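Below are the chains, spelled out letter by letter.
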Amino acid sequence: MILTLQNAILEMIAKGEPLASTMAELCLRVEAAIPGISASVLAYDGRCLRTLAAPSLPVSYSAAIDNLTAGPSAGSCGTAAYHAEPVIVTDIETDPRWQDYRALVAPIGIRACWSSPIKSGDRVVGTFAFYFRDARGPSNLEQKVVDACVYLCSIAIDREERVMERQRLTYTDALTGLPNRAAFDRVLSGPTVASRRWGILLADIDNLKLVNDTFGHAAGDSLIKVVADRFRAAAEPEFIFRLGGDEFALIMFPEQDLDLSRSATEILAALALPADCDGHVVFPAATIGGAVPEDGLTPDQIRRNADVALYHAKENKRGQYFQFHRGLGTAITRRFRAVRDVSLALSQDRINPHYQPIVRIDTREIVGFEALCRMTTPSGEVIAAAHFQEATKDARVAAELTQRMMTSVARDMRSWLDAGLPLQHVGINLSAADFRAGALRETICKAFDDAEVPLDHVILEVTESVYLGQRDHVVAAEIRALRAEGIKVALDDFGTGFASLTHLLTMPVDILKIDKSFVDRMTPGDAGVFIVEGLIGIASNLGVRVVAEGIESEAQAEQLEKLGCKLGQGYLFSRAVNRVEATTLLRDRAQRPPHQTAANSFVSTQGSLPRH
């Protein structure tokens, strides 16, 4: 009988049958072999017992002893688990260990109970018990059966623990103890999100790399754990996931209205308090993107929407929350495509500068160039930067474009100087991303030093929106450092951004470039004429040179000259041309040094071309 029992239960264990089913089968087989007994198996966690199987005992009794705390007087099972030794109670009515539990068994006719601890090594993991309806102890056969059952229970519980531990490791992040990406994917594809109202928040820690680089990875790991703990405090712990690195996900199941914005705001506020990270004070911060279910979309599509929102937030609202809306995905897709196309063009050397001349309006002599970024398609079409502007919102691509432009322009300028051409200045456009990336001065200086081009040939063109944006103090400080190196600075597209004449009193700028929109309105009686005239007069009094952009007709050129504007650029004089055509223009139309004066050169004589 014992051999048959062992074979049947071991087969169930080997097949991976559920632990509760296996233990129930064990109890039923034993009860069938030994009339007059009821069997039970309880699991033990080191403190409390819970019922795994008791198929012949009333459900009310099993419920009553569930979560029974082990102790020296906790019935047969609680005492056996506590002492790690078998406990034979031959008469429950008189045994003091059953004093608090007699009332539970009296109505169901139980008179005696023999319980044996189930062990895994030296650790008690459960109990196996025989309940008798007579006041007696076990027979020799029953002792052999119990020994076999305890052994089988130990094997089954041991296997269950290993399975559960593997599952825990599979679905748990080791650093934070939170569910990991695998657990997130399982919940997202499971029945929970199909049966409840929900929304999803994806969060990135903003300053993890900075903490790692500044204080070390121990501090970075500490920051991750702090963020995880604060997420736990702000949301349901079982639905917070660490996806890896600095990424977290929160699936929100609101009891009332679903308000992701409010939830995200509360989470960001909870994160903002200072934290001790491996002995360093750090102010945690995160950027969050969110999305809610929409008709016809799968949970995975909702997740991707939240991912798009997070990407947008990191680009435009770092440290804040942004929620996905229709149309956002299309904009992000356009950016991804632009980034892909520009990255490929950079790798294939299809990004190069084209040069639009800046001329003296009176003589049409060239006094400088503006270098404009152009991409050549595989078919040979030349595309202006405006068509791939989205790509420059990616910090990596923007940095690579700037580096390529600096290197190429410096190389071309060196070739013109070596040829003895009368080169004065070349303007290079800078974006907000160039200033955010840091080390701009070092990048520029190195590019032109490597080409042995003096920096007083270089003009940096910065738009008002960059110069006067939220980080204007950072930009202004960087520009002052660049001017200290001898580089000139032009305020580009003046009048289209945060235009204010008072800014000219405080901003370090050498050249003012009047935007094409004003030049287009230079017709008699138009207010644009008076604005341009005023700008020219004020800039002249401040010692700032003026260049009018977008000149397309002789009438515009004549009007500007009458107003005192000496320099201009636009299709009237030339479109942007490649290096070879620019070389020809310099040779044929450049202003020669003997004719250069302070009034008509691109910048003052103090900063004009040294002889080579």
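Reading the values: the criteria
- Starting afresh in each chain, residues are numbered from 1 along the sequence in its written order.
- Residue-level local features of this predicted model are given only where pLDDT is at least 70; pairs of side-chain atoms are given and counted only at 80 or more, and the full residue set underlies all totals for whole chains, interfaces and linings.
- For the side-chain quantities, the full set of heavy atoms in the structure was used; hydrogens and water were omitted.
- Per the convention used, a helix needs a DSSP run of H or I reaching at least four residues, while a strand needs a run of E reaching at least two, with both numbered from the N terminus.
- Only C-alpha atoms enter the radius of gyration; for comparison, a globular chain is expected to reach 2.2 Å times N to the power 0.38, where N is the number of residues.
- Burial classes follow relative accessibility: with a 1.4 Å probe on protein chains only, a residue under 20% of its type's maximum area counts as buried, one over 50% as exposed, and anything between as partly exposed.
- Any two residues having at least one pair of non-hydrogen atoms within 4.5 Å are treated as being in contact.
- Each accessible area value is a Shrake-Rupley result obtained with a 1.4 Å probe; residue values ignore everything except the protein chains displayed when judging cover.
- Only four residue types enter the charge count: Lys and Arg as positive, Asp and Glu as negative, with His and the chain ends excluded.
- Taken as the charge location is NZ of Lys, CZ of Arg, CG of Asp or CD of Glu.
- A cavity here means a set of points on a 1 Å grid, drawn over the protein atoms and nothing else, where a 1.4 Å probe fits but cannot get out; a pocket is an open set with protein on both sides within 12 Å along at least five of seven lines, and a residue lines either one if it has an atom within 4 Å of a point.
- Grid points are joined across faces, edges and corners, and a volume is the space filled by probe spheres set on the points.
- Residues were grouped as follows: Ala, Val, Leu, Ile, Met, Phe, Trp, Tyr, Cys and Pro as nonpolar; Asp, Glu, Lys and Arg as charged; and all remaining residues, including Gly, as polar.
- For two strands to count as paired, DSSP must find a minimum of two bridges between them.
- Orientation is described by axes fitted as lines to C-alpha atoms, over the contacting stretch for helices, and by angles from 0 to 180 degrees between their N-to-C directions.
- If an angle is under 35 degrees, it is roughly parallel; if it is over 145, roughly antiparallel; if it lies from 65 to 115, roughly perpendicular; otherwise it is oblique.
- Should a side-chain nitrogen of Lys or Arg be within 4 Å of a carboxyl oxygen of Asp or Glu, the pair is scored as a salt bridge.
- The span you would expect from a helix comes to 1.5 Å times its residue count less one.
- Take the buried residues of types Ala, Val, Leu, Ile, Met, Phe, Trp, Tyr and Cys, join any two whose side-chain atoms come within 4.5 Å, and each joined set is a nonpolar core.

### A word on the overall build of the protein chain
Stage number 1. Scanning the protein chain from N- to C-terminus turns up 23 helices and 22 strands.
Stage number 2. A compact globule built from 612 residues would reach a C-alpha radius of gyration of about 25 Å, whereas the protein chain, at 40 Å, exceeds it by more than 25%.
Stage number 3. Expressed along its principal axes, the backbone C-alpha trace of the protein chain runs to roughly 125 × 50 × 45 Å.
Stage number 4. For the protein chain, with 612 residues in total, the buried portion stands at 49%.
Stage number 5. In the protein chain, once contacts between residues fewer than 6 apart in sequence are set aside, the share between residues at least 24 apart is 64%.
Stage number 6. For the protein chain, the accessible area works out to roughly 28,700 Å², and carbon and sulfur atoms hold 51% of it.
Stage number 7. Mean positive and mean negative side-chain charge positions of the protein chain (64 and 77 charges, respectively) differ by 2 Å.

### Remarks on the environment of Pro524
Stage number 1. If you trace the backbone, Pro524 turns up in the loop between helix H20 (516-519) and helix H21 (527-541).
Stage number 2. For the pair Pro524 and Thr4, spaced 520 residues apart in sequence, the C-alpha to C-alpha distance is 110 Å.

### A few points about empty space enclosed by the protein
Stage number 1. Under the criterion given, the structure shown has two cavities of 30 Å³ or more.
Stage number 2. Reported here for the largest cavity is a volume of approximately 80 Å³.
Stage number 3. In terms of lining residues, the largest cavity is bounded by Leu42, Tyr61, Ile65, Leu68, Ala74, Gly75, Ser76, Cys77, Trp98, Tyr101 and Tyr131.
Stage number 4. Looking at the lining of the largest cavity, the elements with two or more residues in it are helix H3 (59-65) and helix H4 (75-83).
Stage number 5. No other element matches H4, which puts three residues into the lining of the largest cavity.
Stage number 6. Counted by class, the lining of the largest cavity contains nine nonpolar, two polar and no charged residues.
Stage number 7. There is about 50 Å³ of room inside the second largest cavity.
Stage number 8. Ile13, Glu17, Pro18, Leu19, Thr22, Ala156, Arg159 and Glu160 together form the lining of the second largest cavity.
Stage number 9. Listing elements by their share of the lining of the second largest cavity, those giving two or more residues are helix H2 (19-33) and helix H6 (140-171).
Stage number 10. The element that contributes the greatest number of residues to the lining of the second largest cavity is H6, accounting for three residues.

### Digging into the layout of surface pockets
Stage number 1. Reported here for the second largest pocket is a volume of approximately 390 Å³.
Stage number 2. Taken together, Asp204, Ile205, Asp206, Asn207, Leu208, Lys209, Leu210, Asp213, Asp246, Lys314 and Arg318 form the lining of the second largest pocket.
Stage number 3. When contributions to the lining of the second largest pocket are tallied by element, the ones reaching two or more residues are strand E7 (199-205) and helix H9 (208-215).
Stage number 4. Per element, the largest residue contribution to the lining of the second largest pocket is four residues, and it comes from H9.
Stage number 5. Considered class by class, the residues forming the lining of the second largest pocket number three nonpolar, one polar and seven charged.

### Here's the deal with the sheet that holds strand E3 (residues 68-69)
Stage number 1. Reading across the sheet, the six strands line up as E3-E2-E1-E6-E5-E4 and stay open at both edges, with antiparallel pairing between neighbours. Edge strands, defined here as strands with exactly one partner in the open sheet, are E3 and strand E4 (87-89).
Stage number 2. As paired strands, strand E1 (residues 37-44) and strand E2 (residues 48-53) are joined by four bridges and run antiparallel to one another. Bridge pairing in E2 places Leu42 opposite Thr51.
Stage number 3. Across the sheet, H6 is in contact with E1, E2, strand E5 (112-120) and strand E6 (123-132); its angle to E5 comes to roughly 40°.

### Regarding the packing of helix H1 (residues 2-15) against H2
Stage number 1. Where H1 meets H2, the closest approach of the two axes is 10 Å, and the angle between their N-to-C directions is 170°. Judged on the interaxial angle alone, H2 and H1 are roughly antiparallel. Contact residues: Leu5, Ala8, Ile9, Met12 and Ile13 in H1; Ser21, Thr22, Glu25, Leu26, Arg29 and Val30 in H2.
Stage number 2. In terms of residue class, the contact of H1 with H2 is built from seven nonpolar, two polar and two charged.

### A closer look at the pattern of salt bridges
Stage number 1. Under the counting rule described, the total for this entry stands at 35 salt bridges.
Stage number 2. Asp520 serves as the salt-bridge partner of Lys516, at 2.9 Å between the closest nitrogen and oxygen.
Stage number 3. We classify Lys516 as partly exposed; its relative accessible area is 30%.
Stage number 4. Linking Lys516 and Glu552 is a salt bridge whose minimum nitrogen-to-oxygen distance equals 3.6 Å. Note that Lys516 is positioned in helix H20 and Glu552 in the loop between strand E21 (545-548) and helix H22 (554-562), a separation of 36 residues in sequence.
Stage number 5. Glu552 gets classed as partly exposed once you look at its relative accessible area, which sits at 41%.
Stage number 6. Residues joined in a network through salt bridges with shared partners are Glu370, Glu461, Lys513 and Glu549.

### Side note on the sheet that holds strand E13 (residues 321-323)
Within a sheet, adjacent strands bond to each other through the backbone by hydrogen bonds, running parallel or antiparallel.
Stage number 1. The five strands lie next to each other as E8-E9-E7-E12-E13, forming an open sheet whose pairing is mixed. The open sheet has two edge strands, strand E8 (240-244) and E13, and neither has a second partner. Strand after strand, the sheet turns through a mean of 20° between neighbouring axes, direction not considered.
Stage number 2. As paired elements, E7 and strand E9 (residues 247-252) share six bridges and run antiparallel to each other. Bridged to Asp204 within E9 is Glu247.
Stage number 3. Sitting on the sheet, helix H7 (residues 181-188) touches E7, E8 and E9, and the angle it makes with E8 is about 125°.

### Side note on H6
Stage number 1. For H6, with 32 residues, the first-to-last C-alpha span of 46 Å sits near the 46 Å given by 1.5 Å per residue.
Stage number 2. When we look at burial in H6, the residues that qualify are Glu142, Val145, Val146, Ala148, Cys149, Val150, Leu152, Cys153, Ser154, Ala156 and Ile157.
Stage number 3. Contacts made by the buried residues of H6 are with H1, H2, E1, E2, E5 and E6.

### Here we look at the nonpolar core
Stage number 1. Of all hydrophobic cores here, the largest spans 76 residues; its most connected members are Trp416, Val426, Phe448, Leu460 and Leu560.
Stage number 2. Broken down by element, this core gets its largest block of residues, nine residues, from helix H14 (residues 395-418).
Stage number 3. If you look at the next biggest cluster of nonpolar residues, it comprises 31 residues, including Ile118, Val146, Cys149 and Val150.

### Some thoughts on H4
Stage number 1. Counted residue by residue, H4 has seven buried out of nine residues, so it is predominantly covered.
Stage number 2. Among all positions in H4, only Gly75, Ser76, Cys77, Gly78, Thr79, Ala80 and Ala81 are buried.
Stage number 3. On its buried face, H4 is in contact with E1, E2, E3, E4, E5 and E6.
Stage number 4. Of the residues one or two after H4, Ala84 is the one with positive phi, at around 60°.

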